[in-house]
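# Geometric and topological summary
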Amino acid sequence: MQHCRPKTASTRSCNIAKVIVVGDVAVGKTCLISRFCKGFFDKNYKATIGVDFEMERFEVLGVPFSVQLWDTAGQERFKCIASTYYRGAQAIIVVFDLSSVTSLTHARQWLEDAMKENDPSSVLLFLVGTKRDLTTADQLYQTEQEAIRLSEEIKAEYWAVSAKSGDGVRDFFFRVASLTFEAVVLSELENSGSKHVSDIVKLTDASEGAERLSKKKPNCCR
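The model shown is predicted, which means the values in this text are computed figures rather than measured ones.

### Description of a nonpolar patch on the surface
Where nonpolar side chains cluster on the molecular surface, the patch consists of Val-185, Leu-186 and Leu-189 and spans about 220 Å² of accessible area. By secondary structure assignment, the location of Leu-186 is in helix α5 (residues 169-190). The class of Leu-186 is partly exposed, set by a relative accessible area of 42%.

### Here we look at helix α1 (residues 29-37)
With respect to burial, α1 is a largely interior element, eight of its nine residues being buried. Phi turns positive one or two residues past the end of α1, at Gly-39, with a value near 80°.

### Thoughts on the packing of helix α3 (residues 101-115) against helix α4 (residues 137-154)
Running from N to C, α3 and α4 point in directions that differ by 10°, and their axes come no closer than 10 Å. Taken together, the axes of α3 and α4 are roughly parallel relative to one another. Together, Val-101, Leu-104, Ala-107, Arg-108 and Leu-111 of α3 and Thr-143, Glu-146, Ala-147, Leu-150, Glu-153 and Ile-154 of α4 make up the contact between the two elements. Residues of the contact of α3 with α4, tallied by class, amount to seven nonpolar, one polar and three charged.

### Notes on the pattern of salt bridges
Per the stated rule, a full pass over the model turns up eight salt bridges. The closest approach of N and O atoms between Glu-153 and Arg-108, which form a salt bridge, is 2.6 Å. Separated by 45 residues along the polypeptide, Glu-153 in helix α4 and Arg-108 in helix α3 bring together distant segments of the chain. By relative accessible area, Arg-108 is classed as partly exposed at 33%. Between Asp-113 and Lys-116 there is a salt bridge, with the nearest N and O atoms lying 3.7 Å from each other. By relative accessible area, Asp-113 is classed as buried at 13%.

### A closer look at unusual backbone geometry
Of all residues except glycine, most have a negative phi; of all peptide bonds, most are trans. Notably, Ala-26 is not glycine yet its phi reads approximately 70°, a positive angle. Here Ala-26 shows up in the loop between β2 (15-23) and α1. Phi angles above zero are rare outside glycine, and Lys-155 is one such case at about 60°. Counting through the fold element by element, Lys-155 comes out in the loop between α4 and β7 (157-160).

### Concerning α4
For an α-helix the count is 3.6 residues per turn, leaving residues at separations of three or four pointing the same way. In a regular helix each residue adds 1.5 Å, so 18 residues correspond to 26 Å; α4 covers 25 Å between its end C-alpha atoms and thus fits that length. Within α4, the full set of buried residues consists of Leu-140, Thr-143, Glu-144, Ala-147, Leu-150, Ser-151 and Ile-154. With its buried residues spanning 125° around the axis, α4 presents them on a single face. Exposed and facing more than 90 degrees away from the buried side of α4 are Asp-138, Gln-142 and Glu-152. Looking at the packing, one finds that the buried side of α4 touches β5 (91-97), α3, β6 (124-130) and β7. Lys-155 occupies a position one or two residues after α4 and carries a positive phi of about 60°.

Criteria and cut-off values
- Residues numbered from 1 in each chain as written.
- Predicted model: local features only at pLDDT ≥ 70, side-chain atom pairs only at ≥ 80, totals over all residues.
- Heavy atoms only, no water.
- Patch = residues over 30% accessible without salt bridge, like charges linked within 9 Å, V, L, I, M, F, W, Y side chains within 5 Å.
- Areas by Shrake-Rupley, 256 points an atom, 1.4 Å probe, with all protein chains shown as cover.
- Salt bridge = Lys/Arg side-chain N within 4 Å of Asp/Glu carboxyl O.
- Helix = DSSP H or I, 4+ residues; strand = E, 2+ residues; numbered from the N terminus.
- Buried < 20%, exposed > 50% of the residue type's maximum accessible area, 1.4 Å probe, protein only.
- Axes fitted to C-alpha atoms, helices over the stretch in contact; angles between N-to-C directions.
- Parallel < 35°, antiparallel > 145°, perpendicular 65-115°, else oblique.
- Contact = heavy atoms within 4.5 Å.
- Nonpolar A, V, L, I, M, F, W, Y, C, P; charged D, E, K, R; others polar.
- Expected span 1.5 Å × (residues − 1).
- Arc of directions from axis to C-beta.

In structure tokens form, the structure reads like this:
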């Protein structure tokens, strides 16, 4: 899978997935997104007001695919504003701080709030622990045990990353893109309604297919 940063006209018609990012204030949501989208870590943290938005373009199996990343505010006073953007998500990323057990405890409530606006059966869930570089080995082990238990309970993938060093960030977002792409394709197949299957699945040219088969015949079959 390629990460296509240039925003050219050829990508305008590609499939799009909406991904919302939720979690307590100062857990590193914005830094996580910035590390991937902009390639750097900004230590001068500023709390998100309402919602910020980033669009990243990928190529999955040769197909252009875009992921909208909705960075929502973690402050209580902006919660009502942010929640209006939850609806229609293909994936929810719940972020917590690996050095703060409290932020992990709050992760469940953030997920519940986000799920109120979405169909639980059609949303991919990710539980992401940030600031891995700030935790000791013992602290990381203890927190991760709790995080893994929670992720299994809510049926989410668990990831531990560091926006500061970039450790795990690229792999994580590529994983998000891969799974949301798959989900969008399956959803299109299931919701095609009166569409003909041939509108979605195409058969290659018959002559080309026959030629490929003839080339694959072993010598013993002549």
